[in-house]
Amino acid sequence: MFNKLIADIFNEIAELLSVDDKASKFEVRAYQKAALTIGTLQEPIEDIYAKGGKDALQDLPGIGPTLADRIIEYIKTGRISKYDELKKKYPIDMKALTSIEGMGAKKAVILYKKLGVKDIADLKKAISSHEISRLEGFGERSEELLAKGVSMLEQSKGRMLLGDVLPIAERIVSALRKSGLVSNAVIAGSTRRMRETVGDIDILALSSKQESVMDLFTKMPDVSTIVSKGPTKTTVWLKIGISCDLRVIDPKSFSAALQYFTGSKDHNIEVRKIAIKKGYKLNEYGLFRGTASVNVRSEEDIYAKLGMQWMPPEMREDRGEVQLALAHKVPKLVELSDLKGDLHTHTKDTDGANTLEEMVSAAKAAGLGYIAVTNHTKSLRVAHGMDEKGFKEFFEKIDRLNESMSGFRVLKGAEVDIREDGSFDLTERSLQSMDIVIGAVHSHFSMSESEMTARIVKAIDTGMMSILAHPTGRVIFERDPYKVSLEKVFEAAERNNTVLEINSVPNRLDLSDTNIMLASKYRVMFAIDSDAHRTSHFEFLRYGVGTARRGWLTKDRVVNAQRIDKLYSVLKRG
Ligand code: DGT
Ligand code: CA
Ligand code: CA
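Residues numbered from 1 in each chain as written. Chains lettered and ligands numbered in written order. Predicted model: local features only at pLDDT ≥ 70, side-chain atom pairs only at ≥ 80, totals over all residues. Heavy atoms only, no water.

Visitor: Hey, could you go over the sheet that holds strand β2 (residues 184-188) for me, with residue numbers and the actual values?
Guide: With respect to topology, five strands assemble into an open sheet ordered β2-β4-β7-β6-β5, the strand pairing being mixed. Edge strands, defined here as strands with exactly one partner in the open sheet, are β2 and β5 (223-229). The average angle at which neighbouring strand axes cross in this sheet is 25°, direction not considered. Strand direction decides the pairing type here: strand β6 (residues 233-238) and strand β7 (residues 243-249), joined by five bridges, are antiparallel. Note that in β7 the partner of V236 across the bridge is C244. Each of β5, β6 and β7 is contacted by helix α12 (residues 210-218), which is oriented at about 165° to β7, the strand it contacts most. In the packing of helix α13 (residues 254-262) onto the sheet, contacts are made with β2, β4 (200-206) and β7, and the angle to β2 comes to roughly 20°. (Pairing = 2+ DSSP bridges. Helix = DSSP H or I, 4+ residues; strand = E, 2+ residues; numbered from the N terminus. Axes fitted to C-alpha atoms, helices over the stretch in contact; angles between N-to-C directions. Contact = heavy atoms within 4.5 Å.)

Here is the structure:
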């Protein structure tokens, strides 16, 4: 399926055109629009072309004859000459450079033109020789920020976001299962534990046809190169940029191997100590008493023999779960199927990609019974935030939609900017008219800890805020959390009945697992939100749920696991 590849190229063409003197704004917009269309198609674009030819491509929104030709060129040759031309003019590693916080396409091109910066290595040189701070429009401050961005990027080396990894791991496992060569295939390691980032993927398979399984695995479309190939363990490098181990396990070792390779290492070490204390030996091959292997059929069996309850993989981080399991006090954690609604979504009316109606039908398809639509407010210009009048009109639209539907409800809300001084950028009257007010920090991230704490606490203490969105502001691999006293924020949330968000966007996951553990010591509730900006984003919810489970949350602590009638009382403000 070429959709994502073509959409990425179109987006990059748009970026390059936007800094090219010869291109018009119109042309830039055309590529962006087409990229959005192609990126959100359900059907492979090559199939659409195969069935309906160029006409079918031109029937897609935002695709005219020129762009249709470019798509056909890619399908036929794997290249787009327009893109090649632009790359010749600007031989810049745009993807790497713009992944740095504070670096857009425009800046990248200026740095290329003025200093010849083509990639991260060049950028590092330019930073250390202080050439950037001397450039007009840059200065010392922006050089410092770029230096910080580079170091964040380097820290991320070798790990990837769970949200990028899990769908690929699932695709590999499902191809193994469908092949008929394995009787079982499962994901283990940090991916199974839903850790927010993954170092490598670990997959276990049960099969008597080791060689055929390994042949199939190394030839999968997701594989780029073979690192090592053997009958019981094969390691490959995947195209997404991460390695993947496949182990074919002997049936009598399967449960022990699953327990072992799920980890974490620290959890395993604790469990092994208990095994030894009880006169057993536990390793990846099995559970043993002396040299005799003990018959175990599942992870539950293994833990039970050691006097322990089974623990969800998300808990296996040696954070006290072993003691809970020994005491048979493992909580029943919240599950994806417990979620009845989503309290943080956006539409096309600000910076979302889909209409209200489209978001509603996607939410229904995701099994939800309600959503709050919480568009951005006017201070957030990049997101085309709405003003009071905009919200009033939009809410009338929601009222009409609610009247026309049964069995699903749209709540009226906003993601309101918490300004530098802790005030909101909408009038109190406008906020009062909403079912939900989500407060969020979107600017001035680098305040001191006491200033940032005062800013957020002041906003919460207005009593106007139902939910605090992404409470630390971190963006994984891109931006550190802002400096803030979470204890003071959680106390304020407790005082005001303000719900804390667990934002499910894969590079946010904010609150994080450990911050959730910290927050759950306070009498506060949590909301697991998708922050969906398009219909496909409801899929993010499972990452939020995974993070909540890693923070040991039960469903009674999650507001959107409640029925809508109960929800209203929890969200009551003022
Ligand atoms: P990652 O890949 O860095 O995201 O994290 P994991 O947890 O997937 O770690 P990985 O791939 O190195 O190993 C998979 C599992 O194998 C790990 O979670 C626990 C187990 N394991 C690996 N090395 C050791 C070890 O030295 N001792 C013990 N007890 N278990 C280990
Ligand atoms: Ca791993
Ligand atoms: Ca591994």
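Visitor: Go over the nonpolar core with me, naming the residues and quoting the values.
Guide: Membership of the largest hydrophobic core comes to 61 residues, with the highest contact counts inside it found for I371, V410, I456, L500, F526 and I528. Excluding its chain neighbours within four sequence positions, the residues that come into contact with I456 are V441, L468, Y482, V484 and V489. Of all hydrophobic cores here, the second largest spans 53 residues; its members include F10, I13, M103 and A126. (Core = buried A, V, L, I, M, F, W, Y, C linked by side-chain atoms within 4.5 Å. Buried < 20%, exposed > 50% of the residue type's maximum accessible area, 1.4 Å probe, protein only.)

Visitor: Run through the side chain of T472, naming residues and quoting values.
Guide: Mapped onto the fold, T472 is located in the loop between β15 (467-468) and α21 (486-496). Look at T472 and you get buried, because its relative accessible area is 4%. Not counting chain neighbours up to four residues away, the residues in contact with T472 comprise P481, Y482, L486, D510, L511 and N515.

Visitor: If you had to explain the site of ligand 1 to someone new, which residues and values would you point to?
Guide: R159, S190, R193, G199 and D200 are the nearest of the 16 residues found near ligand 1. If you list the elements that add at least two residues to the shell around ligand 1, you get α11 (189-192), β4, α13 and α14 (265-277). Residues belonging to the shell around ligand 1 are distributed by class as follows: three nonpolar, seven polar and six charged. (Near = heavy atom within 4 Å. Nonpolar A, V, L, I, M, F, W, Y, C, P; charged D, E, K, R; others polar.)

Visitor: Any chance you could break down the coordination of the calcium ion (ligand 3) for me, citing the residues and the numbers?
Guide: Here the calcium ion (ligand 3) is held by D200 (OD), D200 (OD), D202 (OD) and D245 (OD), and the distances to it run 2.3 to 2.7 Å. The sequence motif formed by the donor residues of the calcium ion (ligand 3) is D-x1-D-x42-D. Taken as an interatomic distance, the gap from the calcium ion (ligand 3) to the calcium ion (ligand 2) is 3.8 Å; D200 donates to each of them. Of this pair, D202 sits in strand β4 while D245 sits in strand β7; the two residues are 43 residues apart in sequence, bridging distant segments of the chain. A residue is classified by how much of its surface remains accessible, and D245, at 7% relative accessible area, is buried. (Donors = N, O, S within 2.8 Å, 3.2 Å for Na, K, Ca; no water.)

Visitor: Help me get a handle on helix α3 (residues 45-58), residues and values and all.
Guide: Under the 1.5 Å per step criterion, the end-to-end length of α3 is only 12 Å for 14 residues, more than 12% shorter than the ideal 20 Å. At G52, α3 is bent by approximately 125°, the largest bend along its length. Within α3, the full set of buried residues consists of I45, E46, I48, Y49, A56 and L57. The inward-facing, buried residues of α3 abut α1 (3-18), α2 (25-39) and α4 (65-77). (Expected span 1.5 Å × (residues − 1). Bend = angle between axes of the 7 residues up to and from the residue.)

Visitor: Provide a residue-level description of the coordination of the calcium ion (ligand 2), including the pertinent values.
Guide: Note on the calcium ion (ligand 2): its protein donors are D200 (O), D200 (OD) and D202 (OD). The metal-donor distances range over 2.2 to 2.4 Å. For the calcium ion (ligand 2), the six donor atoms in the first shell make angles of 71 to 169° at the metal, a pattern classed as irregular. Using a relative accessible area of 23% as the deciding quantity, one classes D200 as partly exposed. (Tetrahedral: all angles 85-135°; square planar, octahedral: opposite > 155°, others 65-115°.)

Visitor: Outline the side chain of T234, listing residues and values.
Guide: By secondary structure assignment, the location of T234 is in strand β6. A distance of 3.1 Å separates the side chain of T234 from the backbone oxygen of G230, its partner in a polar contact. If we skip the residues at most four places from it in the chain, T234 touches M214, F217, T218, S228, K229, C244, D245 and L246. (Polar contact = N/O pair within 3.5 Å; in protein donor to acceptor, adjacent residues only side chain to side chain.)

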